[in-house]
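Commentary on secondary and tertiary structure
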Number of protein chains: 2
Amino acid sequence: MTGHAPIPIQFAEPACLRIGAVEFGTGDPALHSFRKNIQTVPANRLLLQDGDDSGKIIIVMDGWLATSKSSLNGEVQLIDFLLPGDVADPTSADGKTAGFSVEAVTDARVCVIPLPAWHSLLAASAPLARAHEHVQAAERSRLSERMLRLGRGSAEGRIAYALIELCLRLKPLGLSENCAFHLPLTQRHIGDFTGLTAVHVCRTLRRFVRNGLVETADHMDIRINDLSALADVAGAEPDRLAAEITPVPD
Amino acid sequence: MTGHAPIPIQFAEPACLRIGAVEFGTGDPALHSFRKNIQTVPANRLLLQDGDDSGKIIIVMDGWLATSKSSLNGEVQLIDFLLPGDVADPTSADGKTAGFSVEAVTDARVCVIPLPAWHSLLAASAPLARAHEHVQAAERSRLSERMLRLGRGSAEGRIAYALIELCLRLKPLGLSENCAFHLPLTQRHIGDFTGLTAVHVCRTLRRFVRNGLVETADHMDIRINDLSALADVAGAEPDRLAAEITPVPD
DNA sequence: CGGGTAATTGAGCTGGTTCAATCTGAGTGG
DNA sequence: CCACTCAGATTGAACCAGCTCAATTACCCG
């Protein structure tokens, strides 16, 4: 699991910290305390293990993270992907145990803040608290949508939904132009995300391509060719979905 | 969907409002503003529809609620059950649309608070904010656990987990004595909760009974006879699970 | 060139669904 | 008191979507 970084990590120096769609820190005294908590992590590194004592939150600055849980026999379920501006709060009801694992999918830069510090930051800055509220709300909505597909959707529906969700989330980050985007994922990731086998992900994706719903290049450069048809398969309305799962500026 | 109340609703007058494991309001000036927001709702009443403009949170005082989403073809996925002390915050990223439906499973009493009022209450009372934090953390952990089963678990695993989760959650409410408890649910509810057909829920429950894992009476009075065996089937550790999904006093 | 990971495709199997019949218990009206 | 109804539970039988196992290909990197 603890992988190697295939390419050297190089990120621009942070001018600010973004939470959802809102930027913080420029000229903010709080930024100073952030700076020393920033770390770069290589792809596939486990940041936090389900069940560990956690006591911190993780803010994604660059790259992709994923939260996950594993069954005893080693099967993995990805709970959510975390993109820049997202916040992972793994704390469960006891206030310390992590309720899921957090791992870097790509090389990433994160800001790790101990819970007490985080709570005082939230208490000190209403805009920060509001932005965090939006990010949490977006995640809640994503989880509900995904839970519906996991429980009631077909393989096609799950994968179609996943593609649309990721497309919509990448758009405000400037990573999805005209429904074309790159997923730094393997088919296994998509399988772990949708509760399917990698084999069946492959078959289903191929079928989408055959039917002209999507195009692929380089295996993970995706272009959604027929969004409304894909949305039908997913049982989703893209516009409403975007409003519900994408944090807004405020 | 808008059902009839089979029995008249009768609840004790509220002395206080409980959030998670913490009671508020006795002598608290904020209680006064709560009181007028309390309402009783009959079983099967829809309190909020997925996609509606919401702008409020719902605190459960008595009875069971459920949050859910439905697919276009009418299949239902229950996202979570809400028990007394739980808080439903259906707001999604846009700050107003409800990301799921909320309905009363049994006759219930709830306290409905508009979001602005709720936010000022949270800002005014650190203990309230902390209690809410715990309730949210408990819900997050439950969702992750359930997502793992939905994506990767067998029917047996999902149902075993659901029984254990509900048993653990009912215990601190005084509704589960010695792993024996009543579920005010039909097998259809359990199916919608676990992403299975009611038929298969029935078969699986019968198998549990045949194998001595659980006993049932009156169809929905459940007794877990062999917790450790059931936990094995569920792939769960009851003690750790209880800590993660049950709000603590503080 | 060799080795390792990911994708692709085929073939057969199976857990859970669907459809359908029966059974049970509570409520209702006579 | 019984007949009727209706929702839920139970059980059987056939079916099928997605899984497993397995072989092949493509690609990257040393």
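Residues numbered from 1 in each chain as written. Chains lettered and ligands numbered in written order. Predicted model: local features only at pLDDT ≥ 70, side-chain atom pairs only at ≥ 80, totals over all residues. Heavy atoms only, no water.

1. Re the pattern of salt bridges
Definition in use: Any carboxyl oxygen of Asp or Glu that lies within 4 Å of a side-chain nitrogen of Lys or Arg is treated as forming a salt bridge with it. The helix count covers DSSP runs of H or I at least four residues long, the strand count covers runs of E at least two residues long, and both are numbered beginning at the N terminus. Under the scheme applied here, a residue whose accessible area is under 20% of the maximum for its type counts as buried, over 50% as exposed, and between as partly exposed, the area being computed with a 1.4 Å probe on protein chains only.
Per the stated rule, a full pass over the model turns up 34 salt bridges over all chains. Salt-bridge contacts for B:Asp50 lead to A:Arg240; the nearest nitrogen and oxygen are separated by 3.9 Å. Residue B:Asp50 is located in the loop between strand S4 (46–48) and strand S5 (56–62), and its partner A:Arg240 is located in helix H8 (residues 238–245); the two belong to separate chains. B:Asp50 gets classed as buried once you look at its relative accessible area, which sits at 13%. By relative accessible area, which is 30% here, A:Arg240 ends up partly exposed.

2. Some remarks on the sheet that holds strand S10 (residues 108–114) of chain B
Residues and elements named next belong to chain B. Formally: Strands are labelled as partners when DSSP assigns at least two bridges between them. Two residues form a contact once any of their heavy atoms are found within 4.5 Å. Note on geometry: axes are lines fitted to C-alpha atoms, helical ones only across the stretch in contact, with angles between N-to-C directions running from 0 to 180 degrees.
Strand order in the open sheet formed by four strands is S3-S10-S5-S8, and the pairing between neighbours is antiparallel. Both edges of this open sheet fall to strand S3 (38–41) and strand S8 (87–88), since each of them pairs with a single strand only. Where S3 and S10 come together, four bridges link them in antiparallel fashion. Among the inter-strand pairings, Gln39 is bridged to a residue of S10, identified as Val110. Each of S5, S8 and S10 touches helix H2 (residues 115–124); the most contacted strand, S10, lies at about 85° to it.

3. Let's talk about the interface of chain A and chain B
Definition in use: Throughout, buried area stands for the accessible area (probe radius 1.4 Å) lost by two parts on being put together, summed over both. As a working rule, the residues Ala, Val, Leu, Ile, Met, Phe, Trp, Tyr, Cys and Pro are called nonpolar, Asp, Glu, Lys and Arg charged, and the rest polar, with Gly in that last group.
Across the boundary between the two partners, chain A contributes 49 residues, which contact 49 residues of chain B. In total, about 3800 Å² of surface goes out of reach between chain A and chain B, with carbon and sulfur atoms giving 56% of it. Contact with chain B buries surface across chain A, with A:Ala93, A:Met147 and A:Arg152 losing the most and accounting together for 22% of the total. Summed over the shared surface of chain A and chain B, the result is eight salt bridges. B:Asp192 is the partner of A:Arg152 in a salt bridge, and the nearest nitrogen-oxygen pair spans 2.7 Å. Among the elements of the structure, strand S6 (65–70), strand S7 (76–82), helix H3 (126–152), helix H5 (187–194) and H8 of chain A are those that each provide at least two residues to the side of chain A that touches chain B. Tallying contributions element by element places H3(A) first for the side of chain A that touches chain B, with 16 residues. Among the residues making up the side of chain A that touches chain B, the classes are represented as 17 nonpolar, 19 polar and 13 charged.

4. Side note on the packing of aromatic side chains
Residue and element names in this part refer to chain A. Heads up, the condition is: Only Phe, Tyr and Trp rings are paired, with Trp represented by its six-membered ring, and only when their centres lie within 6.5 Å; those with planes under 30 degrees apart are stacked, over 60 edge-to-face, the remainder tilted.
Under the counting rule described, the total for this entry stands at four aromatic pairs over all chains. With a centroid separation of 5.4 Å and an interplanar angle of 70°, the aromatic rings of Trp64 and Phe81 are classed as edge-to-face. Highlighted residues: Trp64 in the loop between strand S5 (56–62) and S6 and Phe81 in strand S7, separated in sequence by 17 residues. Among the residues examined, Phe81 registers a relative accessible area of 0% and is labelled buried. Through a chain of ring-to-ring contacts, the aromatic side chains of Trp64, Phe81 and Phe193 assemble into a single cluster.

5. A closer look at the protein's contact with DNA strand C
Defined as follows: By convention in this text, a residue qualifies as near a molecule or strand provided that one of its non-hydrogen atoms is within 4 Å of it. In protein, a polar contact requires one atom able to donate a hydrogen and another able to accept it; more generally it is a pair of N or O atoms within 3.5 Å, and residues adjacent in sequence count only if both atoms are side-chain atoms.
The environment of DNA strand C is made up of 15 residues, and the closest members are A:Gln187, A:Arg203, B:Ala155, B:Thr197 and B:His200. Looking at DNA strand C alone, sugar and phosphate atoms form 69% of those within 4 Å of the protein. With respect to DNA strand C, the side chain of A:Arg203 contributes an N or O atom lying 3.0 Å from a base nitrogen. Side-chain polar atom of B:Thr197 to a phosphate oxygen of DNA strand C: 2.5 Å apart, as the coordinates give it. At the level of secondary structure, the elements contributing two or more residues to the surface near DNA strand C comprise helix H6 (198–210) of chain A together with helix H6 (198–210) of chain B. Broken down by element, the surface near DNA strand C gets its largest block of residues, four residues, from H6(A). Of the residues that constitute the surface near DNA strand C, the class distribution is five nonpolar, seven polar and three charged.

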